[in-house]
Amino acid sequence: MDERQLALIRRLSDGRSHSGEAIAREFGLTRAAVWKTLRKTADAFGLELISERGRGYRLATPLELLDAGRIRATLSESGRAHLSRLDIHPVIDSTNRELMRLAAEGAPSGSVCLAERQTAGRGRRGREWVSPFGVNVYLSLLWRYPFAPSNLGGASLAVGAVLAAVLSELTDEGVALKWPNDLLWQRRKLAGLLLEVAGESQGPCHLVVGLGLNLRMTAGQGSAIDQPWAGLEEALGGVMVGRNALVACLLEALLEALDRYGREGLAPFLPLWRAHDAYLGAPVRLLLGERVIEGIHAGVADDGSLLLDTSDGRRAFQAGEVSLRPLESQIQ
């Protein structure tokens, strides 16, 4: 995205009509070039542009673009103290990839990377995370710890539990967790986490937490997603959510959670995770490489591993090694 394209999107982000004459004057375009330039910009970033005779041009849906000043201003004093760096990119390959690079260069705990759009957003197991421009939340947060990477095995559950609690405060419909790191609404994927760790075998280490949260993505924008999904505004009955206020709320919870995890580990987060467990007591199927293991989902152990009651008894599975799917008969 060049600077003029970004400026054009900012100009139209309010959803109101803007005359071709005003746009031409502001951006140094001829009247004949306005439509072509706007059309090219809208097409490049998946935005629906409407031309109205006698009124001008507008986006079909207003955009609230991310603003570092507004996000910082919404944080509490404690949140601002924990936040050391806040970068917002119009377009980036991956917020996690950017923070892992910055971490290797010495970026401090509390460094945050946000993007309006990702071109190579990632989910678990290398899956693509669909990331259209300006409609969802793509957020990564860096935190450093003095201990070994092996102590971070339960971090995804701690983060997931805190996020489920935050989102549940916004909607009474019930946000649920799917082990190890998905957030669901009505059994459809609402958000996903991607945690990446690097460091010395005995410590210190650093953790990058990546969050992708569906907010107001249209069916067309989400057509490439290979599983049922939902957006937060759907869960809220169509109520519009301010992206900057939402990001500040999420950051407040994440910064506090990562700091607390370093001091207390997974234990204080387990009751919260268990309260939001989507499949507790349900028949499930685990995919472990080429193997398929069926049983009853028996919750999570104190170390964060998944407990499954199988025909061979209760077994535990570690995060990152299995994929959880409900049995066909359980899908509503």
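Note: the structure precedes this text.
Residues numbered from 1 in each chain as written. Predicted model: local features only at pLDDT ≥ 70, side-chain atom pairs only at ≥ 80, totals over all residues. Heavy atoms only, no water.

Re the overall build of the protein chain
Counting its regular elements, the protein chain contains 10 helices and 14 strands. A compact globule built from 332 residues should have a C-alpha radius of gyration of about 20 Å, and the protein chain, at 22 Å, falls within 12% of that. Dimensions of the protein chain, computed from C-alpha atoms along their principal axes, come out at roughly 75 × 45 × 35 Å. Burial status across the protein chain gives 53% buried among its 332 residues. Long-range contacts, defined as pairs at least 24 residues apart, comprise 64% of the intrachain contacts of the protein chain with a sequence gap of at least 6. (Helix = DSSP H or I, 4+ residues; strand = E, 2+ residues; numbered from the N terminus. Rg over C-alpha atoms; globule rule 2.2 N^0.38 Å. Buried < 20%, exposed > 50% of the residue type's maximum accessible area, 1.4 Å probe, protein only. Contact = heavy atoms within 4.5 Å.)

Structural notes on the pattern of salt bridges
For side chains of opposite charge, pairing can occur when their charged atoms come near one another. Applying the stated criterion to the full structure yields 20 salt bridges. Of the charged contacts, one joins Arg85 and Asp87 as a salt bridge, the two residues approaching to 2.8 Å between their closest N and O atoms. Owing to a relative accessible area of 33%, Arg85 belongs among the partly exposed residues under this scheme. Close ionic contact of Glu116 with Arg243 constitutes a salt bridge, the shortest N to O distance being 2.9 Å. Here Glu116, found in strand β4 (residues 111-118), pairs with Arg243, found in helix α9 (residues 243-264); they are 127 residues apart in sequence, far enough to count as distant. Arg243 matches Glu116 in its accessibility class, with the two residues each being buried. By sharing partners, the salt bridges in this structure join Asp259, Arg260, Arg263 and Glu264 into a single network. (Salt bridge = Lys/Arg side-chain N within 4 Å of Asp/Glu carboxyl O.)

A short note on the side chain of Thr310
For Thr310, the location among the structural elements is in strand β12 (residues 306-310). Exposure remark for Thr310: the relative accessible area of 14% places this residue in the buried category. Only 3.1 Å separates the side chain of Thr310 from the backbone nitrogen of Asp312, close enough to count as a polar contact. Among the polar contacts listed, one links the side chain of Thr310 to the backbone oxygen of Gly313, at a separation of 2.9 Å. The residues contacting Thr310, other than those within four sequence positions of it, are Ile293, Glu294, Gly295 and Arg315. (Polar contact = N/O pair within 3.5 Å; in protein donor to acceptor, adjacent residues only side chain to side chain.)

A word on the pairing of strand β6 (residues 175-178)
Every regular strand shows the same layout, with side chains that alternate between the two sheet faces. Neither face of β6 is exposed, since Val175 and Leu177 on one face and Ala176 and Lys178 on the opposite face are all buried. With 4 bridges joining them, β6 and strand β7 (residues 182-185) adopt antiparallel strand pairing. Note on β7: the bridge partner recorded for Val175 is Trp185. (Pairing = 2+ DSSP bridges.)

A look at the environment of Ser156
Following the sequence through the fold, Ser156 ends up in helix α7 (residues 155-170). Not counting the four nearest positions on each side in its chain, Ser156 is found in contact with Pro180, Asn181, Leu193 and Leu195.

Overview of the packing of helix α2 (residues 20-27) against helix α3 (residues 31-44)
Put simply, α2 and α3 touch, their axes get as near as 9 Å, and they point 90 degrees apart. Our classification of the angle between α2 and α3 gives roughly perpendicular. Across from Gly20, Glu21, Ile23 and Ala24 in α2, the residues of α3 making contact are Arg31, Val34 and Leu38. Residues belonging to the contact of α2 with α3 are distributed by class as follows: 4 nonpolar, 1 polar and 2 charged. (Axes fitted to C-alpha atoms, helices over the stretch in contact; angles between N-to-C directions. Parallel < 35°, antiparallel > 145°, perpendicular 65-115°, else oblique. Nonpolar A, V, L, I, M, F, W, Y, C, P; charged D, E, K, R; others polar.)

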